[in-house]
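Breakdown of the fold
Chain residues, written in single-letter form:
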Amino acid sequence: MNTFIKMFLVIMLIPAYARSQDACSLSIKGGVYDADTRQSLPFAAIYIQANEGVTADGSGNYQVHALCPGKYTLICMLLGYKTDTVTLAIAGNTTQHFYLKPEATTITEVEVEGKRDDDRALVSQSVAEIANEELISMRGTSLGEALKSVPGVYTLQSGPTIFKPVIHGLHSNRILIFNNGVRQEGQQWGSEHAPEIDPFVATRLSVIRGAASIRYGSDAIGGVILVEPPPANATPGVRGEVNIVGASNNRMGVTSGILQGAFGKKLTGLTWSLQGTYRRAGNSKTPHYYLENSGFQEGNFSGSLGYKRKNYGGDIYYSEFNTKLGIFTGTHAETISDLQAAIERPEPITPSYFSYKIDRPYQQVKHQLAKASAFYIFRNESRLDVIVARQQNERSEYDFVPLSGRLNPELYLRLVTHTADILYKHAAIGKYTGTLGFNGITQGNVRQYEMLIPNFRNYGGGIFYIGKWTSDRLVLEAGARYDYRWLRVYTLDNNTAQVVTPTWDFNNVTGTIGSQYYLKPNLSWAVNIGTAWRAPTVNELMSQGVHQSAVAYEIGNPNLHSERAYNFSTSLHYHSDRFHGELGLYNNIIDGYIFLKPDLKYIHTIRGSYPTFTYTQVNARFRGVDLSGTYNLTDSLSLTGKVSLLYAWNKTIHDYLQLIPGNRFEASLRYGLGNYGSLRQVYISVTDIYTARQKLVPANSDYLAPPAAYMLLNANVGFSVPVNSQMVNISVSVNNILDVAYRDYMDRFRYFTDEPGRNFTLRVRVPFAIAQPNHK
């Protein structure tokens, strides 16, 4: 029995021992709601005077365990709402709800920031959030991996280290990711180009499922992901946290830390933050063999400086993301016969060993983001926000064997992006509010060495308006948007040896209308109907060459036209003392849907042999169901279920659409043991995830048939320990407990290898705070 198994069993036994040391087993539970709309308020903080605090979950429900009979004072706090204090005596398990009243946005800068959350998405759209315990339990994973637990969200993979989020079957340029309020722009068109974002910068990940083009831009046909950092430290002093993560499968080690500070007296309102992360891992291991050259190294840092007063403020922010990713050597083949044999072979013949060394082939990526933002609140409570940003993304891809013995990468791409966003939220007119906005973007791409995509310039802009009318039980909203996109490429004509500059311009008008109605205070129904569009990108139009890390030879089509989407979604939200859940249905019709279709042909080049893929355009329909619910069987035991169903139809050929995720079912059981001895908030959870085989594909449409269905069993144990008035969080998780050998349909490397096997992960989070001394 290895060390990790022993450690896991010891932690499993700690609560059983500690339980005998403490006889107090009462609990207080309840929900947190908006006093006016009766809508649940997630992530409110509930404190017990002279005791520990808890945080409401994503549905606004909270529980405090292991209380003795007696009198308690509960304090409920949430940014943008007035603090509520309740004193009650308990002799048994007790239910206590909080109904918070919104603060006026002009009282202080803290309340102003809290009210901004209302504008993240239309209320008629489905939004899922990962925060608090759930987010802490995923520390050390990539952004794509962290989002897999959200119903309707899948991942597109290239081996064990590269994950891209997929929402309702759509990914890459159909998903917008906002990092600290800035639209993330790298080479996101590539199937193996993962988001260059450090998840440790976030205290909340929000997923807007479904078309969100009106608010965020024309490319958001599939949805939007918001990576939201912690709010600025408003109390003078310094606070922060250190996270340490270790994993067994690839022997990954992670260290991450953040510092936040605020000044007092004459510098009141001035805040700062510093953050950094280092990750390193070696070769991943399937249940039967190691994957040669599958390690990675990653080093990131960020910093910000902000100033906020009662009705104005601003901040500057800079971040840098650096990673080196090894590409499994078993994906490279010199001849077409070698490539066909590798795809047909049940197990790769590459050497099986562990090493941290990263050799060719590999990717090296550097992403820089600089941002400046400001806001101003007028006397009539209207608000103006301005954000400008510059990003530079440098991507180098190195082949298995360097061409002509050179040390340069075979592919080098440098993309520079400038964005500007202006939002004006006018003062309420009775029950009506509205937001007028502008989004602008300019891009320039430079390539060197081998050809995949050409140099290009890209300009775009959009203007929109969203209006919202709110009553006690009903919210009505509508919006409209106009977008323009211009693209010019610079490439060499092979016949004339002259530089040619093909140019495209696209424009479109989109709109949305939606509503949310409270059938009961704890039951709401939302409906949204909208249109969206997306212009084809340079890779879809002009790709021509080897994409080494994607194991493909990609061919573009300059005759592609814009995608046009017609989206309908509806959802039911319910919460009670024992149960909370959400049911979502969607139907997304996309005329001119563009995808990379397998040609079922192979090509031999001086860089090796590859399967070929061509960008193809069809009319498609995506339908699905997102279902999630949690039932509290007892005050300590809860059962959670999640279902993600997706069906995609190719209307052009009257058959199913390939490269669509299989249906997924998830069930988890969580037992909260409360506080025992010196341990706080002890819990144990077990999760079962079943992914069905994707049978709904056209016959003979891929180089390898979809793999079999698989089931994974995972477990997690965690608790907190008070250390010097701070709560240190410790958890141990194990994924794929049964060490199942499987392949995932959405992993390009499924042509060559299984997925990683059993993995133990230890996570330690140490928060700290240093108060500013008082000088008399």
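Residues numbered from 1 in each chain as written. Predicted model: local features only at pLDDT ≥ 70, side-chain atom pairs only at ≥ 80, totals over all residues. Heavy atoms only, no water.

1. Remarks on the pairing of strand β41 (residues 726-735)
- Where strand β40 (residues 710-723) meets β41, 9 bridges bridge the pair, whose relative direction is antiparallel. Within β41, the position partnered with A715 by the bridge is V734.
- Connecting the antiparallel pair β40 and β41 is a turn made up of 2 residues, with N724 showing a positive phi of about 50 degrees. (Pairing = 2+ DSSP bridges. Helix = DSSP H or I, 4+ residues; strand = E, 2+ residues; numbered from the N terminus.)

2. Looking at the pairing of strand β19 (residues 270-281)
- Every second residue of β19 is oriented toward a common face, the buried set being T271, S273, Q275, T277, R279 and A281 and the non-buried set L270, W272, L274, G276, Y278 and R280.
- Pairing between strand β18 (residues 253-262) and β19: 10 bridges, direction antiparallel. By the bridge assignment, I258 is partnered in β19 with Q275.
- In the sheet, β19 pairs with strand β20 (residues 296-308) via 12 bridges, with the strands oriented antiparallel. Bridging from a neighbouring strand, T277 pairs with N300 of β20. (Buried < 20%, exposed > 50% of the residue type's maximum accessible area, 1.4 Å probe, protein only.)

3. Observations regarding the sheet that holds strand β13 (residues 175-179)
- Across the sheet, 5 strands lie side by side as β9-β15-β16-β13-β14; this open sheet has mixed pairing. The open sheet has two edge strands with one neighbour each: β9 (126-131) and β14 (182-183).
- In the sheet, β9 pairs with strand β15 (residues 204-209) via 6 bridges, with the strands oriented antiparallel. Bridging across to β15, E129 finds its partner in S206.

4. Considering the sheet that holds strand β10 (residues 153-157)
- Strand order in the open sheet made by the 3 strands is β10-β11-β12, with antiparallel pairing throughout. The strands lining the two open edges of the sheet, one partner per strand, are β10 and β12 (170-171).
- Bridge count between strand β11 (residues 163-167) and β12: 2 bridges; the pairing is antiparallel. Paired with I167 across the bridge in β12 is L170.

5. Describing the side chain of N393
- Following the sequence through the fold, N393 ends up in strand β23 (residues 383-398).
- Classification of N393 as buried rests on a relative accessible area of 0%.
- Engagement of the side chain of N393 in a polar contact is seen with the side chain of E196, the distance being 3.0 Å.
- Non-local contacts of N393, meaning those with residues more than four positions away in its chain, are made with E185, G186, Q187, E196, V365, K366, H367, L413, R414 and L415. (Polar contact = N/O pair within 3.5 Å; in protein donor to acceptor, adjacent residues only side chain to side chain. Contact = heavy atoms within 4.5 Å.)

6. A few points about the packing of aromatic side chains
- Counted under the stated rule, the structure contains 19 aromatic pairs.
- An angle of 55 degrees between the planes, with centres 5.2 Å apart, marks the rings of Y602 and Y703 as tilted. You can see Y602 sitting in strand β34 (residues 579-605) and its partner Y703 sitting in the loop between β39 (679-691) and β40, a full 101 residues away along the chain.
- Taken together, the ring pairs connect Y602, F613, Y703, Y751 and F752 into an aromatic cluster.
- Stacked on the ring of F613, the Lys or Arg R748 has its end atom at 4.4 Å from the ring centre. (Phe/Tyr/Trp six-rings, centres within 6.5 Å; stacked < 30°, edge-to-face > 60°. Lys NZ or Arg CZ within 6 Å of the ring centre and 35° of its normal.)

7. Focus on the nonpolar core
- Counting residues in each nonpolar core, the largest one holds 44 residues, and the members touching the most others are M252, I453, F456, V489, W504 and F752.
- Listed by contribution, the elements that provide at least two residues to this core are β17 (237-247), α6 (336-344), β24 (411-429), β27 (474-492), β29 (503-520), α7 (538-542), β34 and β35 (608-632).
- Beyond its immediate sequence surroundings of up to four residues, F456 is in contact with L415, Q443, G444, N445, L487, R488, V489, Y490 and V538.
- In this structure, I221, A565, I590 and M746 belong to the second largest nonpolar core, which totals 22 residues. (Core = buried A, V, L, I, M, F, W, Y, C linked by side-chain atoms within 4.5 Å.)

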